[in-house]
Amino acid sequence: MSFIEVAGAKIDTRHYIGGQRVASSQTYTNTSPIDGTFLGEISRGGEVEANEAVAAAKRAFPAWSALGPAKRGELLLRLAELVEENIETLAQLETMDNGSLLRSHRRGVMPRVALNIRFFAEWAINELKHESFETRGHTNNISWDPSGVAVLITPWNAPLMLATWKIGPALASGDTVVLKPAEWTPLSASFFADLTKQAGIPDGVFNVVQGFGREVGAVLTAHPDIARISFTGSVPTAKVIAHAAADNLTPCSFELGGKSPLLVFADADLDLAAELAVEQYDNAGQVCLSGTRILVHEDVADAFAEKFRERALKLKQGDPRDPETDIGPQIHQVHFDRIKGFVDRAKAEGQEIVMGGEPNDELGGLFFKPTLVKNPTPGSEIVTAEVFGPVLCMQTFKTDTEALEMANGTEFGLAAVVVSGDRDHAKRITDELVAGTIWVNCFFVRDLRAPFGGSKKSGVGREGGNWSFDFYADVKNTVVSPNGWKE
Ligand code: NAI
Ligand code: MG
């Protein structure tokens, strides 16, 4: 059976290669993290499918790249409209597959998917330009040319949303795409492939291969015929991909993990601080940007902790399809066990767990209680490693210097949240923080014109606005002399 019906839509469980549905002889079983519902036997790609997908994308490249931004834009804007027409299906589908909140998918995430496509299509047409400048009468003309086949490898925590951050600019650049979604969340990408067909995107321009990273992903990333690799996922996988890319010197863009600080200063609005801190449990803590290390000035630590606790205890855990639910299940048994392992080891070390710290036995399944670890031992695993679950640490500091040392004392540098009531103070702090994105008295405000990415081990490169095109395109400078013209 190559279809499964979810949310009233027929979702194909096969690959999408060269505009055709292609099955593999091998499959793997996809289930819903909500309740274990069977969600299809998914084609499990390997070397053959990876090679076919790259070949299809390569064949489609000359015509797609020659089309130009305006013609490509027409098709991409039609695709964005189709996403908008299918928001309800996409929302239900993604919730079934990855367990994130249905209300977030409806209101925030899926409209954002459409925006990702539309934004980059329009950017390529209207914004992507550079002022020409003169060098002793010579003109420098800078252009962004299509580069070839882009391989996109994406994670499960926000599957279609993170994939379209890449698909949008790659296709708008004139590249053709092979997407490999995470094996735990194959469905939204497959449905999206149908939408690309409906939008009239030519066969082979957008391809999806399903399967495991170490199988099909490894072949794609080592392929000599690809021009770009864009990956969002974990640090260990990024290292494997960097090795795979090395032989061909394929340029890579990496969006990786984090252990971001959320700093609460003595001059902060503590209600706002507590609200922002509790938001870090969003998506059951499976958010790369999450400020999982709450650093609080000791003078306000008790007052803050009380406000935090009050709000955190009100969070409702349960079925992500229920509009009342704040925290759904973890994605998969393997990941659930990983999170529990972190917490169990912290307990065994004698770390102080002041909230949660265990599975939610009332709900069973993959539900883990929102957890808070108080004053973890500096350097211990729970406060240094990315848990990627609903587990926050709270520590106190005395001075700004100490706060900055703690905040920056990590191998990661994805994001930071600063809560302060004093603009000059906040500026002094943000000047010293090492992070790709810093939010002051807010969280998760993301403009697609802005650069997004990680410092240190949190990533290589930036996405957003021109930064995305600088990566996907071949940037070219043509220097034109004032001399030698016949006219
Ligand atoms: P992961 O690294 O295990 O997998 C991500 C993707 O890589 C999957 O599609 C997987 O199949 C593929 N993959 C695995 N091994 C591969 C190989 N050898 N070659 C090619 N592809 C391979 O990460 P996971 O568990 O799916 O996602 C969670 C991680 O992603 C967290 O560390 C999180 O911080 C990070 N993340 C980063 C974001 C960012 O924007 N910086 C956003 C969301 C997640
Ligand atoms: Mg699934």
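Residues numbered from 1 in each chain as written. Chains lettered and ligands numbered in written order. Predicted model: local features only at pLDDT ≥ 70, side-chain atom pairs only at ≥ 80, totals over all residues.

A.B. asks: Let's hear about the overall build of the protein: which residues, and what values?
C.D. replies: In terms of helices and strands, the protein carries 15 helices and 22 strands. The C-alpha radius of gyration of the protein comes to 23 Å, within 12% of the 23 Å expected for a compact globule of 487 residues. Projected onto its principal axes, the C-alpha positions of the protein cover 75 × 65 × 40 Å. Relative to its full complement of 487 residues, the protein shows a buried share of 53%. A separation of at least 24 residues holds for 71% of the contacts in the protein among residues at least 6 apart in sequence. (Helix = DSSP H or I, 4+ residues; strand = E, 2+ residues; numbered from the N terminus. Rg over C-alpha atoms; globule rule 2.2 N^0.38 Å. Buried ≥ 20, exposed ≤ 12 C-beta atoms within 10 Å, placed from the backbone. Contact = placed C-beta atoms within 7 Å.)

A.B. asks: Can you lay out the site of ligand 1 for me, pointing to particular residues and giving the numbers?
C.D. replies: Neighbouring residues of ligand 1: 31 residues in total, closest Gly-213, Gly-217, Gly-233, Gly-257 and Cys-288. Contributing elements (two or more residues each) for the shell around ligand 1: helix 7 (213-221) and helix 8 (235-246). Per-element accounting of the shell around ligand 1 gives the leading share, 5 residues, to helix 7. Among the residues forming the shell around ligand 1, the class breakdown is 13 nonpolar, 13 polar and 5 charged. Taken together, domain 1 (3-256 + 458-478) and domain 2 (261-440) each give at least three residues to the shell around ligand 1, which thus spans both. (Near = placed C-beta within 6 Å. Nonpolar A, V, L, I, M, F, W, Y, C, P; charged D, E, K, R; others polar. Domains from an automatic or database assignment.)

A.B. asks: Explain the nonpolar core to me, using residue names and the numbers behind them.
C.D. replies: Membership of the largest hydrophobic core comes to 83 residues, with the highest contact counts inside it found for Ala-57, Val-83, Val-149, Val-151, Leu-152, Val-177 and Val-178. The element best represented in this core is helix 4 (residues 102-126), accounting for 11 residues. In contact with Val-149, not counting residues within four places along its chain, are Val-54, Ala-57, Lys-58, Phe-61, Asp-175, Thr-176, Val-178, Asp-225, Ile-226 and Ala-227. Counting residues in hydrophobic clusters, the runner-up holds 58 residues, among them Val-391, Met-394, Phe-412 and Val-418. (Core = buried A, V, L, I, M, F, W, Y, C linked by C-beta atoms within 7 Å.)

A.B. asks: Can you lay out unusual backbone geometry for me, pointing to particular residues and giving the numbers?
C.D. replies: With phi around 55°, Ala-7 is a residue other than glycine that occupies positive phi space. Take Ala-7: it is sitting in the loop between strand 1 (3-6) and strand 2 (9-12). For Asn-441, which is not glycine, the phi dihedral falls at a positive 55°. Residue placement: Asn-441 occurs in the loop between strand 20 (437-440) and strand 21 (459-460). Judged by the 16 C-beta atoms lying within 10 Å of it, Asn-441 falls in the partly exposed class.

A.B. asks: Could you give an account of the packing of helix 9 (residues 270-278) against helix 10 (residues 301-312), naming the residues involved and the relevant values?
C.D. replies: It is the contact of helix 9 with helix 10, at a shortest axis distance of 9 Å, that shows an interaxial angle of 50°. On the basis of the axis angle, helix 9 is oblique to helix 10. Along this stretch, helix 9 crosses helix 10, giving a crossing that reads as right-handed. Packed against helix 9, whose contacting residues are Leu-270, Asp-271, Ala-273, Ala-274, Glu-275, Ala-277 and Val-278, the element helix 10 presents Ala-303, Phe-304, Lys-307, Phe-308, Arg-311 and Ala-312 at the interface. For the contact of helix 9 with helix 10, the residue count by class is 9 nonpolar, no polar and 4 charged. (Axes fitted to C-alpha atoms, helices over the stretch in contact; angles between N-to-C directions. Parallel < 35°, antiparallel > 145°, perpendicular 65-115°, else oblique. Left-handed = near helix turned anticlockwise from the far one by under 90°.)

A.B. asks: Please provide a residue-by-residue account of the sheet that holds strand 7 (residues 133-135), values included.
C.D. replies: Spatially, 3 strands are ordered 7-8-22 in an open sheet, and the strand pairing comes out antiparallel. If you trace the sheet from one side to the other, it starts and ends with strand 7 and strand 22 (474-480), each paired once. Taking the axes of each pair of neighbouring strands and ignoring which way they run, one obtains an average angle of 35° across the sheet. Across 3 bridges, strand 7 lies against strand 8 (residues 138-145) in antiparallel orientation. Within strand 8, the position partnered with Thr-135 by the bridge is His-138. (Pairing = 2+ DSSP bridges.)

A.B. asks: How would you explain the domain arrangement of the protein if you had to name every residue and give the values?
C.D. replies: If you check the domain split of the protein, you get domain 1 (3-256 + 458-478) and domain 2 (261-440). The gap between the C-alpha centroids of domain 1 and domain 2 is 31 Å. Listed per partner, the contact involves 15 residues of domain 1 and 19 residues of domain 2. Of all elements in the fold, only helix 3 (87-98) and helix 4 reach the threshold of two or more residues within the side of domain 1 that touches domain 2. Residues of the side of domain 1 that touches domain 2, tallied by class, amount to 6 nonpolar, 7 polar and 2 charged.

A.B. asks: Help me get a handle on the sheet that holds strand 14 (residues 261-264), residues and values and all.
C.D. replies: Spatial strand order, 16-17-18-15-14-19-20: 7 strands in an open sheet with mixed pairing. Since the sheet does not close on itself, it has two edges, and those belong to strand 16 (352-355) and strand 20, each with one partner. Adjacent strand axes in the sheet meet at a mean angle of 25° when their direction is disregarded. Looking at chain direction, strand 19 (residues 415-419) and strand 20 are connected through 4 bridges and run parallel. If you follow Ala-415 over to strand 20, its bridge partner there is Thr-437. Set on the sheet, helix 9 makes contact with strand 14, strand 15 (293-297) and strand 19; between it and strand 19 the angle comes to about 160°. Along the sheet face, helix 13 (residues 400-408) touches strand 14, strand 15, strand 18 (391-397) and strand 19 and points at about 150° away from the line of strand 18.

A.B. asks: So what's going on with helix 1 (residues 47-66)? Which residues, and what values?
C.D. replies: A rise of 1.5 Å per residue sets the reference length of helix 1, with its 20 residues, at 28 Å; its end C-alpha atoms lie 29 Å apart and thus fit the reference within 8%. Of all the bends in helix 1, the greatest, near 40°, is centred on Ala-60, and the proline Pro-62 appears no more than four residues after it. Looking only at helix 1, the buried set comprises Glu-49, Ala-50, Ala-53, Val-54, Ala-56, Ala-57, Ala-60, Phe-61 and Trp-64. Turning to helix 1, the residues buried within the fold contact strand 3 (15-17), strand 4 (20-22), strand 9 (149-153), strand 10 (176-180), strand 11 (206-208) and helix 7. Gly-68 sits one or two residues past helix 1 and shows a positive phi near 85°. (Expected span 1.5 Å × (residues − 1). Bend = angle between axes of the 7 residues up to and from the residue.)

A.B. asks: An account of helix 4 is needed here, citing residue identities and associated values.
C.D. replies: Spacing of three or four residues puts side chains on the same side of an α-helix, whose turn is 3.6 residues. Helix length check: helix 4 (25 residues) gives 34 Å between terminal C-alpha atoms against 36 Å at 1.5 Å per residue, within 8%. For helix 4, the principal kink sits at Val-109 and spans about 35°; a proline, Pro-111, occurs within the next four residues.

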